[in-house]
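Structural characterization, general
In case you want the letters, here they are:
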Amino acid sequence: RQSSFIKTVFSFHGSSAVVVASVAILYGVYLALTPPPPPQSDYGNKSTTTTQSPSGKEGKAPLLCPMEIINTFPHDDMAFTQGLVIHEGRMYESTGLYGESLLKEVDYLGSGKSIRETKLNAKYFGEGLAIHQDSFYQLTWREGLIFEYDFDFKKKSEHRLQGEGWGLTTVSSPPKETTAAIDQNKELSSPYFLMTNGSNVLSFLDSTTLQPTRYVEVYFVDPARGSAWPVSHLNEIEFIDGRLYANIWGSDKIVVIDIESGRVTHMLDLSILPETDKKSSTGHEDVLNGIAFDTVSRRLFVTGKRWSRLYEVRLPDFSKCMELGT
């Protein structure tokens, strides 16, 4: 697939100088959005879900947005971060790995240590985390379950999950441009959940039944020819101001997705974070993962698996994002 992508760029441009520059830029984008497969380990080779081919997709190429670090805070460097969420000024984190998975409240603006926590049975691998009404919802990886807890971390119920669970977020009010289309689907109540499973497919889950009612394929447009490429390994997600922000497993980019079409509209460059290259020294698994937005203070936080720092970054100014190659 990589060689065919390069051939596409070469066939489009005539000038050799332009060809070299275009290949470097576009191939870099391709690699950023399509990271190498996970390693062969207990956690690695993570997804068994098939990526869908985005046939017939169209639209503009994504814009690249520079990011800025505002502040840093301590983070538990033993936490295999899978889900991150802020509710009423408090941060909650879901961590993974068999025998180590937790749901915990974190002193995120202070010591970074756990304030309170509950541990999952060793046979479960914790994944994404979301809050709806008076409950926490925690995905499991391959165990086919979503755990529902009350705010005291007492388990209320278990819900069946189709396939793998990776990332989870709540959509409480659909963006204006998507409301009409969503309202046509009578099976989908609002608010609802969005879930990733490691492929390029977003699942819309009914907030009452937690069963999928709709699927959207995520893709980005090759700016050279306008052809669409699937964006696989979608991981932790957060819905912010009508846009879906998603970590890509193994990438130092966060993609911003139009949930109605599935098109990647923007790429947030987080290579500025000092720990994005940690995977090269500690293993491929210690990657950027974890997005939390405080809707009251409008502060945005990101971290990674077994990272020692939680980073507050400035919300992107989409008016300052650049076309790829500029």
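Preceding this paragraph is the structure being described.
Our subject in this report is the structure included herewith. Counting restarts for each chain: residues are numbered from 1 in the order of the written sequence. Reporting of local features is limited, given that this is a predicted model, to residues whose pLDDT is at least 70; pairs of side-chain atoms are given and counted only at 80 or more, and all residues count toward the totals for whole chains, interfaces and linings. Where side-chain values are given, they derive from all heavy atoms of the structure, hydrogens and water being excluded.

Structural notes on the side chain of Thr170
Here is the rule we go by: Only runs of H or I of at least four residues qualify as helices and only runs of E of at least two qualify as strands under DSSP, and these elements are numbered from the N terminus. Identification of polar contacts relies on pairs of N or O atoms within 3.5 Å, with a donor-acceptor requirement for protein atoms, meaning one able to donate a hydrogen and the other able to accept it, and with residues adjacent in sequence counted only if both atoms are side-chain atoms.
For Thr170, the location among the structural elements is in strand S11 (residues 168-171). Polar contacts involving the side chain of Thr170 include one to the main-chain carbonyl oxygen of Ile131, which spans 2.8 Å.

Comments concerning the sheet that holds strand S24 (residues 322-323)
Condition: At least two DSSP bridges between two strands are required for those strands to pair.
A sheet is described by the order of its strands in space; here 6 strands give the open sequence S17-S18-S19-S20-S1-S24, paired in mixed fashion. Two strands in the sheet have a free side with no partner beyond their single neighbour: strand S17 (234-240) and S24. Bridge analysis of strand S18 (residues 243-248) against strand S19 (residues 253-257) gives 4 bridges, and the strand direction is antiparallel. Residue pairing in the sheet places Ala246 in a bridge with Val255 of S19.

Details of the nonpolar core
For the record, the criterion: We define a nonpolar core as any set of buried Ala, Val, Leu, Ile, Met, Phe, Trp, Tyr and Cys residues linked to one another through side-chain atoms lying within 4.5 Å. Accessible area is worked out with a 1.4 Å probe on protein chains only. A residue is then buried under 20% of its type maximum, exposed over 50%, and partly exposed in between.
Core analysis: the biggest nonpolar cluster contains 21 residues, and Leu194, Leu234, Leu244, Ile257, Ile259 and Val264 have the highest contact counts within it. Residues Ile254, Leu268, Leu300 and Val302 belong to the second largest nonpolar core, which totals 19 residues.

Examining the sheet that holds strand S8 (residues 135-140)
As a reminder, the rule being used: Only C-alpha atoms enter the line fits that serve as axes; for helices the fit covers just the stretch in contact. Angles between N-to-C directions range over 0 to 180 degrees.
With antiparallel pairing, 4 strands are arranged side by side in an open sheet as S7-S8-S9-S10. Unpaired on one side and paired on the other, strand S7 (126-132) and strand S10 (155-160) mark the two borders of the sheet. The mean inter-strand angle of the sheet, taken between neighbouring strand axes irrespective of direction, is 20 degrees. Relative to strand S9 (residues 145-149), S8 is paired through 4 bridges, and the arrangement is antiparallel. Along S9, the bridge assignment pairs Gln138 with Phe147.

Examining the state of the cysteines
The criterion, for reference: Cysteine sulfur atoms are paired as a disulfide whenever they come within 2.5 Å of each other.
Applying the stated criterion across every chain, the model contains 1 disulfide. At a sulfur-sulfur separation of 2.0 Å, the disulfide partner of Cys65 is Cys321. Of note, the bridge from Cys65 to Cys321 carries an S-S torsion of about 105 degrees and is right-handed in sense. Remark: Cys321 occurs in the loop between strand S23 (309-313) and S24 and Cys65 occurs in strand S1 (residues 63-66); sequence separation between them is 256 residues. Overall, the relative accessible area of 1% leaves Cys65 in the buried class. With a relative accessible area of 12%, Cys321 lands in the buried category.

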